[in-house]
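Structural overview
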Amino acid sequence: MKYNIMFMVRKKDFANNMAPILDSYEWWVDLVKKALENADEFEMRIWEDDLEGIKSGEKFGEKVPNNETKEIVYKGKMVSKLKEEILTNFLTEEGYIKWFTLTLRRENEDIFTSEHYGDETYILVHTMEQVQAVRNWAKNYPTICRVDVFECE
C-alpha cells in the first residue's frame, strides 16, 4: 500500500498576487531535502507573472506544452545545481515560494509535490510505519496545522 500525506500550514500574510506567505519554511526545507535525496526528475508549474519561478524553470528545465491550464510548465532531470536552488533560493523577494507547483519524481512517481506556493504540500510513503514517523516529525513544526493521510494504489 502507498500513502499520500498532505500538510496544511499556517499563513502569515499574502503577497500582492495572493500567494501565501507562510509562518515558517523550515518544515518545507526539511521535507524537500529528504525528497531531493531520491528525486531524479522535476516539474515546475508557474504563472506568467511569477518571473523568479520562470527564470528557474528556464535555467533548469525544458518548457513543455500545456493545453490544460494557463500555467507555464517546465520539466527536466534533477541536477545538483537545481537541488541547491530548491534548498537555498526558493523564495521570491516578497517571501513566497517561487514555484506555484513544484513536483519531484522518482522513476515517474511523484514523491513530493508543493502546490499553491507551498500552501498544500504532499509526500508519498509506502508503509504505515513511515506514515507514523512523518506524523511524529510534523509535531516539531508548529506551523503545520494539519496532516492528512490518503491511501493510494
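The subject of this paragraph is the sheet that holds strand 6 (residues 72-77). As summarised here, the arrangement of the 8 strands in space is 5-6-4-7-8-9-1-10, forming an open sheet in which the pairing is antiparallel. Strand pairing shows two members of the sheet lacking a second neighbour, strand 5 (62-64) and strand 10 (144-152), which therefore form its edges. For this sheet the average axis-to-axis angle between neighbouring strands, irrespective of direction, equals 20°. Bridging between strand 8 (residues 109-115) and strand 9 (residues 120-125) involves 4 bridges; their strand directions are antiparallel. Opposite Thr113, over in strand 9, you have Tyr122 as the bridge partner. Together, strand 1 (2-9), strand 9 and strand 10 form the strand contacts of helix 4 (residues 128-138), whose direction differs from that of strand 1 by roughly 10°.

Following the criterion strictly, the structure yields 12 salt bridges and no others. Salt-bridge contacts for Lys11 lead to Asp119; the nearest nitrogen and oxygen are separated by 2.8 Å. Taken together, the positions of Lys11 in strand 2 (residues 11-14) and Asp119 in the loop between strand 8 and strand 9 put the pair 108 residues apart, joining distant regions of the chain. Across the pair Arg45 and Glu43 runs a salt bridge, and its minimum N-O distance is 2.7 Å. On the basis of relative accessibility, which here comes to 6%, the residue Glu43 falls in the buried class. A single salt-bridge network, built from bridges that share partners, covers Glu43, Arg45, Glu71, Lys75, Arg105 and Asp110.

Looking now at helix 2 (residues 51-60). Residues of helix 2 that are buried include every one of Gly53, Ile54, Ser56, Gly57 and Phe60, and no others. The arc that holds every buried residue of helix 2, seen down its axis, measures 160°, which confines them to one face. In helix 2, those exposed residues whose orientation departs by more than 90 degrees from the buried face are Leu51, Lys55, Glu58 and Lys59. Summarising the contacts, the buried residues of helix 2 are in contact with strand 4 (41-46), strand 6 and helix 3 (80-88).

For Thr92, the location among the structural elements is in the loop between helix 3 and strand 7 (101-106). On the basis of relative accessibility, which here comes to 10%, the residue Thr92 falls in the buried class. If we ignore the near neighbours within four places in the chain, the residues touching Thr92 are Glu52, Ile97 and Lys98.

This part covers the environment of Arg146. Relative to the helices and strands, Arg146 is located in strand 10. The spacing of Arg146 and Phe7 is 139 residues in sequence and 5.9 Å in space, taken between C-alpha atoms. Setting aside anything within four residues of it in sequence, one finds Arg146 in contact with Met6, Phe7 and Met8. Within the local environment of Arg146, its side chain forms a polar contact with the side chain of Asp148, the two groups lying 2.8 Å apart.

Parameters and conventions
Residues numbered from 1 in each chain as written. Predicted model: local features only at pLDDT ≥ 70, side-chain atom pairs only at ≥ 80, totals over all residues. Heavy atoms only, no water. Pairing = 2+ DSSP bridges. Helix = DSSP H or I, 4+ residues; strand = E, 2+ residues; numbered from the N terminus. Axes fitted to C-alpha atoms, helices over the stretch in contact; angles between N-to-C directions. Contact = heavy atoms within 4.5 Å. Salt bridge = Lys/Arg side-chain N within 4 Å of Asp/Glu carboxyl O. Buried < 20%, exposed > 50% of the residue type's maximum accessible area, 1.4 Å probe, protein only. Arc of directions from axis to C-beta. Polar contact = N/O pair within 3.5 Å; in protein donor to acceptor, adjacent residues only side chain to side chain.

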